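Here's the letter readout for the chains.
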Amino acid sequence: MTDLALPARLRRPAFRPGIALASVVLVGAVAACLAAPLLWPLDESAVDLARIRLAPSWEHLAGTDDLGRDVAHRSLYGLRVSLLVGAVAAVVAAVVGGLVGTVAATCGGRVDRALMRVVDTIAALPHLLLGIFIVAMLRPSLGAVVLSIGLTHWLSTARIVRAELLSLRTRPFVDAAVAGGASRARVLTRHLLPHVLPRLALATTLMVPHAVWHETALSFLGLGLPPHLASLGNMINDGQRSLLTGAWWASLVPGLLLVAVTLALAALAGRWRDRLDPRVRAELHL
Amino acid sequence: MTATAATSSRRRRRLAGAGAVVRRRLMVAVPVLAATSVGMFVLGAASPIDPAQQYAGAAAFTTSEENLAQIRANWGVDDPLPVQYARWVGNLLRGDLGWSTSRHEPVTDVLAARAGWTLLLVGAALALVLAASLLLGTLAAYRRGGWFDRTLRAGAYAVQSMPVFWLGLAAIAVFALALGWLPAGGLTDVTATGTHPADVARHLVLPVTVLAVSQAPWFVLFVRDTVAESLRDDHVLAARARGLPGRTVLFGHALRTALLPFLTLVGTHLPELVGGAVLVETVFSLPGLGAVTVQAALGGDFPLLAATTLATTVVVLTANLLTDLAYAAADPRVRLDD
């Protein structure tokens, strides 16, 4: 067993079936989302009242909903919309959180304390309610949903960026840059922020499943994306009507797809975090 | 000095700093509440909803422009924003929460009629999730790595990624529609004339369980990890060495040390529970605050929406403060006055 002597990062990583499965699910889902408009175009307004609530069969793999639309087909497009909204909203949250964290860390003192207190307090509020309020006042639309997620999900990113900057600030290379006559802005943009970027990217990725859940919740309540648009939340909401007449597949399939993809995304991001910083492995933060 | 007197005086000393903590928390909470209310008001003012047309409803199409202007003037909707804000906050502080435009009744009446059901739902779900997670998490920690532990953890990760409303629909499909054991929604039977406790309890079984299950993963995994850690502590080893039975060591010694950090988790997870309650109430058509909030949001009803959001904020902040005080009362190492 000679390879036991090698440092961890040089050893071949052990094969993990869960991680492999998550990669397959995620790559498959993203590929399907990208290829869907080319191979299997969807007409959002198409309705076929002759084929409503058909049970799953070879022709309709996941059955049809109460307007005769193919559930599998719409789920695929719903996933596309939900992932896109989730990713954009996570980036918005990362930008807000990154800015707040950077300002807090570089200004320090009273500004830092005040900003962090604000972060602590907002973190203690039910963010779904705040999100509902934002969407309700701006009227439900794509932009309102993205804003609602972005404005309620930036807190953890702000904390991470601030902590990272504060710990980097004490490193010798920063002293060297300052001694070399670099301005504050230059130290920040050329020396500190590049080191924060991997952590920020990881935080953003971990945020995507949360953003997707928030979007589906808003859409489910009728406060999210326009109802005719195939999004996972809208579909689960539509399926609620068919459920009472026995068509359980209309809600089940988009929900299962949502669970599979967000679980895979969270598992891979968690693995990434473990490799980036083994110390926080015990933290439960799916 | 008797033992009880000694205990009570020790507890009093422990809570000596409580007043200062409350004051310090208020100094943060009041500006935050003020900022939240300003933010909400600005959003409400920026919103494209015209309260006068909303008030008139369908009649807005036939109401003359002068009448609408009269309504706006009566309500002061066209006043400068700071004036409107001051009036709104002044009314809130005097206990006048305004007029709900979506339900056509005073906001206070809506809150009074609905808040109880939401508290019942959240309280019952919290009690259930606490009991279940303490039991299951401790058992999983006891046989760490065993089949029960692995199944529980896999289940927890899976449930964590399931949206609570989807879980609710699945529960309705299985237990209400397929098996017919429990009602699919509502608070009472359609034929019922009043709210009978037994009838209400039967209707609350599914919503409470769904809400508890959806929140359970965080609690179960947390209990499992902390108990697993404290099982390795010296005092647990000592208890084992004294020959105490396994059950006593597990629940009396290991779980006991793990309980304190658990309190903090309960405090930080309360907002999630409230968010879950909003969705569960909508799925099961319960007449709680959450369902009303969603209706208000759909109808662009600013007074009601602002009131429910602010009220929930106050409740959650208070609960967090209480958690901290409880922590200090329970743990002699935590000093509130420093």
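Shown above is the structure to which this text applies.
The structure displayed is predicted, hence computed values, not measured ones. (Residues numbered from 1 in each chain as written. Chains lettered and ligands numbered in written order. Predicted model: local features only at pLDDT ≥ 70, side-chain atom pairs only at ≥ 80, totals over all residues.)

Trainee: Pulling in residues and values, what's your account of the interface of chain B and chain A?
Mentor: Interface size is commonly expressed as the accessible area that is lost once the parts come together. Each partner contributes residues to the interface: chain B has 39 residues there, and chain A has 40 residues. Of all elements in the fold, only α2 (18-46), α7 (147-160), α8 (164-178), α9 (197-230), α11 (246-283), α12 (289-298) and α13 (302-330) of chain B reach the threshold of two or more residues within the side of chain B that touches chain A. If you tally residues by element for the side of chain B that touches chain A, the top one is α13(B), at seven residues. Counted by class, the side of chain B that touches chain A contains 26 nonpolar, twelve polar and one charged residues. (Contact = placed C-beta atoms within 7 Å. Helix = DSSP H or I, 4+ residues; strand = E, 2+ residues; numbered from the N terminus. Nonpolar A, V, L, I, M, F, W, Y, C, P; charged D, E, K, R; others polar.)

Trainee: Go over unusual backbone geometry, please, and point to the residues and values.
Mentor: Positive phi, normally seen in glycine, also occurs at R139(A), with a value near 65°. Relative to the assigned elements, R139(A) resides in the loop between α4 (127-138) and α5 (142-152). Phi at S285(B) takes a positive value of approximately 40°, unusual for a residue other than glycine. Relative to the helices and strands, S285(B) resides in the loop between α11 and α12. Accessibility expressed as a C-beta count within 10 Å gives 13 for S285(B), which makes it partly exposed. (Buried ≥ 20, exposed ≤ 12 C-beta atoms within 10 Å, placed from the backbone.)

Trainee: Can you break down α2(B) residue by residue, with the values?
Mentor: At 3.6 residues per turn, the α-helix brings residues three or four places apart onto the same side. If you check α2(B), its first and last C-alpha atoms are 41 Å apart, about what 29 residues at 1.5 Å a residue would give, namely 42 Å. Buried within α2(B) we find A29(B), M40(B) and G44(B). (Expected span 1.5 Å × (residues − 1).)

Trainee: Can you lay out the nonpolar core for me, pointing to particular residues and giving the numbers?
Mentor: Core analysis: the largest hydrophobic core is formed by 141 residues, its most contacted members being F133(A), V135(A), L121(B), F165(B), L211(B) and V280(B). Excluding anything up to four places from it in sequence, F165(B) contacts A217(A), F220(A), I236(A), L279(B) and V283(B). (Core = buried A, V, L, I, M, F, W, Y, C linked by C-beta atoms within 7 Å.)

Trainee: Can you tell me about α4(A), naming the residues and giving the values?
Mentor: With twelve residues, α4(A) extends 16 Å between its outermost C-alpha atoms, agreeing within 8% with the 16 Å of an ideal straight helix rising 1.5 Å per residue. What α4(A) keeps buried is the set H127(A), L128(A), L129(A), L130(A), G131(A), I132(A), F133(A), I134(A), V135(A), A136(A) and M137(A). Packing partners of the buried residues in α4(A) comprise α5 and α8 (184-220) of chain A together with α2, α11, α12 and α13 of chain B. Phi turns positive, to about 65°, at R139(A), one or two residues after α4(A).

Trainee: Lay out the packing of helix α3 (residues 109-123) of chain A against helix α6 (residues 155-169) of chain A with the relevant residues and their values.
Mentor: All names here are of chain A. Between α3 and α6, the least distance of the axes is 10 Å, while the angle of their chain directions is 145°. Relative to α6, α3 is oriented so that their crossing is left-handed. In contact with V119, I122 and A123 of α3, α6 contributes L155, A158 and R159. For the contact of α3 with α6, a count of residues per class yields five nonpolar, no polar and one charged. (Axes fitted to C-alpha atoms, helices over the stretch in contact; angles between N-to-C directions. Left-handed = near helix turned anticlockwise from the far one by under 90°.)

Trainee: Break down the environment of T102(A) for me, with residues and values.
Mentor: All names here are of chain A. On the secondary structure map, T102 appears in helix α2 (residues 71-107). You can call T102 partly exposed: it has 19 C-beta atoms within 10 Å. With 116 residues separating them along the chain, T102 and L218 place their C-alpha atoms 30 Å apart. In this view, T102 contacts V161 and L165; residues no more than four positions away in its chain are not counted.

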